[in-house]
Amino acid sequence: MKIRILSPGKRMPAWMRTGYEDYAKRMPRDSRLELIELEAGQRSKKNYSVAAAIEAEGRQFNKALNDKDYVVALDVQGKALSTEQLSQRLAHWKQQGSDVAMLIGGADGLDAKLMASAREKISLSRLTLPHALVRVVLAEQLYRAASILSGHPYHRA
C-alpha cells in the first residue's frame, strides 16, 4: 500500500522537508509515504477570490487522484482519532488493498466537492495548524501507527 499525502504549496521551509523525510524513510515498505505538492490557488491581493483559489486547488487534487484511491480528507471538523485508533484505520486501509490519498487543504480549506467525495474525514487537532507543520505531524503519526501495527511497544498503552 502506498499512502500519498497531497497538499497545495511547493515552497515549504527546509525544516518541514527534513521532518517529513525523516518519518517517511522510517515507514515500513508495505506502507510507503509519498508527498505530492500541488500548485496553490492564486492568492494575490489584487482580485483575490477565496472561492476561485479553493476551486483551482480542487482541480489540482482531482488531477493527482486516481479512481482506486481511498480518499481521506484532513479537516478540523473531521473525526478526532487517538494514535491507537489511527493504527486501526491504517490496518483497515491495508486490508482494503488500495492506495490511500490523504488530502491537506490549502490556506482556505478543501473544495466542498472533494470533501463530499472523501471516504473519511479525520482531524489531527481542533487547532488551526500551519500547512507545513501538518505534513510533518501527519507523517509522524502515520509512522507511529505503523510502528504499533508492527508490534513495537507503544509507551501510552
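From a predicted model like this one, the values you see are computed outputs, not experimental measurements.

J.: Which residues make up the sheet that holds strand β2 (residues 32–38), and what are the values?
T.: Strands sit in the order β2-β1-β4-β3-β5 across an open sheet of five strands; the sheet is parallel. Single-partner strands in this sheet number two, and they are β2 and β5 (120–123). On average, each strand axis in the sheet is tilted by 30° relative to the strand beside it, whichever way the strands run. By the bridge criterion, four bridges tie strand β3 (residues 70–80) to strand β4 (residues 100–103) in an arrangement that is parallel.

J.: I'd like a rundown of the side chain of D69, residues and numbers included.
T.: Tracing the backbone shows D69 in the loop between α2 (50–64) and β3. Owing to a relative accessible area of 8%, D69 belongs among the buried residues under this scheme. Polar contacts involving the side chain of D69 include one to the side chain of R4, which spans 2.5 Å. Polar contacts involving the side chain of D69 include one to the main-chain amide nitrogen of N66, which spans 2.9 Å. Apart from residues lying up to four places away in sequence, D69 is in contact with R4, A64, D99 and A101.

J.: Break down α2 for me, citing the residues and quoting the values.
T.: The first and last C-alpha atoms of α2 sit 21 Å apart over 15 residues, in line with the 21 Å expected at 1.5 Å per residue. Within α2, burial applies to A53, I54, E57, G58 and F61. Seen along its axis, α2 keeps its buried residues to an arc of 140°; they face one direction. In α2, those exposed residues whose orientation departs by more than 90 degrees from the buried face are A51 and K63. Along its buried surface, α2 packs onto β1 (2–8), β2, β4 and α4 (112–117).

Rules and cut-offs
- Residues numbered from 1 in each chain as written.
- Predicted model: local features only at pLDDT ≥ 70, side-chain atom pairs only at ≥ 80, totals over all residues.
- Heavy atoms only, no water.
- Pairing = 2+ DSSP bridges.
- Helix = DSSP H or I, 4+ residues; strand = E, 2+ residues; numbered from the N terminus.
- Axes fitted to C-alpha atoms, helices over the stretch in contact; angles between N-to-C directions.
- Buried < 20%, exposed > 50% of the residue type's maximum accessible area, 1.4 Å probe, protein only.
- Polar contact = N/O pair within 3.5 Å; in protein donor to acceptor, adjacent residues only side chain to side chain.
- Contact = heavy atoms within 4.5 Å.
- Expected span 1.5 Å × (residues − 1).
- Arc of directions from axis to C-beta.

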